[in-house]
Amino acid sequence: MHMSSDTVILDLHALAPDRQVDELKRQYLSLRGKHALIRARVGALPARQYISMLERGYRVALEREGDNYFLVLRPDDSTARFGLRGAHSIACHSDGRVYTNTTDNRVAVIDGGTRKVVKYIAVGDDPSHLELAHHGRRLYVANSGSNDVSIIDTANDGVLMTAPTGKRPLLPCVAANGESVYLPSGPDRTVTVLGAEGEFKKIIPVGVAPHDVAVSPDCRWAYQPNSASHSVTVIDGKNYSVVGEVKVGLGPGHIAFDAESRFAYAANTLSDAVTVMRTGDHEVVATIPAGAGAHLPALSSDGRYGYVANFAADSLTVWDCRSHGVIATIAVGIYPHFFALSPDGQWLVVSNTGESSICLIDTHAHEPRARLPVGGAPAHIAFSPDGELAFVGCESSDELAVVDLRRASVLDLIRVGAAAA
């Protein structure tokens with residue numbers, strides 16, 4: 001290690017990727033508050049290291065010099081998420097119940113009307129993400145520590161069964177018809193497909209470092225972005241066979257389909273762009289430039305506009321879905337980890353994980369209208385059945401923020417963890 005006045009120079013290229021990340025996190029903790037900049041040589045393109053650190057809220061940039069790549073870390077520029085694994089992922093039932101993962105391997109059930117925790121459901125180890133089936137009768141909870149998924153019957157909020165998955169499952173994706181649930185495993189480089197009640201269907205080999213699998217609205221295709229092999233695995237939604245692999249940009253992590261299932265949009269975190277694929281032949285038809293750390297895409301309900309959150313640029317890029325041209329860049333807060341469109345299409349709600357705030361963006365003007373403080377490390381977002389409230393999971397404070405969209409105000413911060421019991 002070499003240190004100049006404010007810059008720490010590290011050479012980590014001989015270490016394994018996980019060790020590189022561990023050392024950068026150690027330096028982050030030791031240099032917080034010292035106005036330092038850490039520049040670490042990491043050797044080959046550090047796709048997994050860069051994306052995993054962005055995902056945890058570290059202010060990190062990727063630079064290249066010749067054949068060498070460097071990760072540049074600024075310890076004082078954002079607040080990373082580590083330690084407590086509180087409220088992060090969230091789902092809202094049509095009857096107003098809100099579900100979120102919380103501490104002690106539980107899912108909290110909140111009455112959206114009274115804003116009180118009404119029940120805790122014991123699930124597997126380290127529940128990371130959950131998703132409600134479209135019909136609302138089943139809730140799927142990916143347990144990243146016990147390598148399984150808890151299937152909750154929402155009629156009584158009890159666990160119906162626990163089904164095994166690959167290692168460290170994240171982000172379950174339920175097909176719109178409710179018949180299949182897809183769960184990617186990064187360590188295994190596979191996707192496990194289960195039936196609605198947890199019955200085993202198939203294990204599908206995919207690329208390196210698969211992240212958030214997406215199923216087309218017509219259930220015909222599942223697209224699996226592979227962040228370290230820079231590709232999308234195309235899975236047949238009828239027999240779960242792999243029909244091809246599409247080369248996209250560098251570091252694809254999340255995918256959004258249009259409502260007609262005609263196009264898929266993959267955000268490429270390392271090449272700062274969105275790849276547009278046509279589902280008819282799985283061909284790339286356009287590349288849309290975005291900001292640094294382009295990570296999470298979404299489309300407006302009418303299909304006119306597309307959006308992508310740029311983690312490392314503190315912005316959202318807006319494009320026209322007909323021309324694929326960029327029409328706006330919207331400045332938001334530090335590290336926009338997640339965003340969602342309100343049911344009426346009027347608002348974009350953006351979680352600024354690095355500064356514990358949210359932005360409300362007017363979708364007609366593509367301009368911010370409010371920036372509201374919430375709990376620590378805001379992440380996923382869901383909406384009340386009437387569309388008037390947004391619920392935001394705040395991971396590091398283990399709270400649920402309740403936001404009145406019309407009044408642009410935070411109504412409540414609900415403690416959902418141990419303190420609420």
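These notes cover the structure that comes with them. Please read all numbers here as calculations on a predicted model, not as lab measurements. (Residues numbered from 1 in each chain as written. Predicted model: local features only at pLDDT ≥ 70, side-chain atom pairs only at ≥ 80, totals over all residues. Heavy atoms only, no water.)

Once that is clear, we can look at the pairing of strand β24 (residues 273-278). Of all six residues in β24, five are buried, a share of seventy percent or more. Of the strand pairs in this sheet, strand β23 (residues 263-268) and β24 are connected by six bridges, and their pairing is antiparallel. Among the inter-strand pairings, Phe263 is bridged to a residue of β24, identified as Arg278. Turn length for the β23-β24 hairpin, with the two strands adjacent in sequence and antiparallel, is four residues, and the turn residue Asp272 shows positive phi of about 55°. Judged from the six bridges that link them, β24 and strand β25 (residues 283-289) form a sheet pairing that is antiparallel. Bridge pairing in β25 links Val274 to Ile288. Hairpin connection of β24 to β25: four residues between the antiparallel strands, including His282 at a positive phi of 60°. (Buried < 20%, exposed > 50% of the residue type's maximum accessible area, 1.4 Å probe, protein only. Helix = DSSP H or I, 4+ residues; strand = E, 2+ residues; numbered from the N terminus. Pairing = 2+ DSSP bridges.)

This part takes up the environment of Ala155. Inspection of the secondary structure assignment puts Ala155 in the loop between β12 (148-153) and β13 (158-164). Remark: the alpha-carbon pair of Ala155 and Gly136, spanning 19 residues in sequence, is separated by 9.2 Å.

Next up on the list: the packing of helix α1 (residues 17-31) against helix α2 (residues 47-55). Where α1 contacts α2, the axes come no closer than 9 Å and their chain directions differ by 40°. Comparing their axes, α2 and α1 come out oblique. Like other packed secondary-structure pairs, α1 and α2 cross with a definite hand, here right-handed. Where α1 approaches α2, its residues Pro17, Gln20, Val21, Leu24 and Lys25 are matched on the opposing element by Gln49, Ser52 and Met53. When its residues are assigned to classes, the contact of α1 with α2 shows four nonpolar, three polar and one charged. (Axes fitted to C-alpha atoms, helices over the stretch in contact; angles between N-to-C directions. Parallel < 35°, antiparallel > 145°, perpendicular 65-115°, else oblique. Left-handed = near helix turned anticlockwise from the far one by under 90°. Contact = heavy atoms within 4.5 Å. Nonpolar A, V, L, I, M, F, W, Y, C, P; charged D, E, K, R; others polar.)

Let's shift gears to the packing of aromatic side chains. The tally for this structure, following the rule as stated, stands at five aromatic pairs. Aromatic side chains Phe311 and Tyr335 sit 4.9 Å apart centroid to centroid with 85° between the ring planes, which places their arrangement in the edge-to-face category. Taken as a pair, Phe311 in the loop between β27 (305-310) and β28 (315-320) and Tyr335 in the loop between β29 (326-331) and β30 (336-341) lie far apart in primary sequence, 24 residues in all. By relative accessible area, Phe311 is classed as buried at 0%. The aromatic ring of Tyr120 is capped on one face by Arg106, whose charged end is 3.9 Å from the ring centroid. (Phe/Tyr/Trp six-rings, centres within 6.5 Å; stacked < 30°, edge-to-face > 60°. Lys NZ or Arg CZ within 6 Å of the ring centre and 35° of its normal.)

The subject of this paragraph is the pairing of strand β34 (residues 378-383). Taking burial as the measure, the six residues of β34 include six buried ones, the bulk of the element. Relative to strand β35 (residues 389-394), β34 runs antiparallel, the two sharing four bridges. From the neighbouring strand, Ala382 faces β35, where its bridge partner is Phe391. Here β34 folds back onto β35, and the loop between the two strands holds five residues, one of which, Gly387, carries a positive phi near 75°.

On to the sheet that holds strand β31 (residues 347-352), then. Strand pairs in the sheet, formed through backbone hydrogen bonds, run parallel or antiparallel to each other. Here we have four strands laid out as an open sheet, ordered β30-β31-β32-β33, and antiparallel in their pairing. The open sheet is flanked by β30 and β33 (367-373), the only strands paired with a single partner. Recorded for the sheet is a direction-independent mean angle of 20° between the axes of neighbouring strands. As paired elements, strand β32 (residues 357-362) and β33 share six bridges and run antiparallel to each other. Residue pairing across strands places Ser357 opposite Pro373, the latter belonging to β33.

Turning our eyes to something else, we now look at the sheet that holds strand β26 (residues 294-299). Spatially, β26-β27-β28-β29 is the arrangement adopted by the four strands of the open sheet, whose pairing is antiparallel. The open sheet has two edge strands, β26 and β29, and neither has a second partner. Each adjacent strand pair in this sheet contributes to an overall mean axis angle of 20°, direction not counted. Direction of pairing for β26 relative to β27: antiparallel, over a ladder of five bridges.

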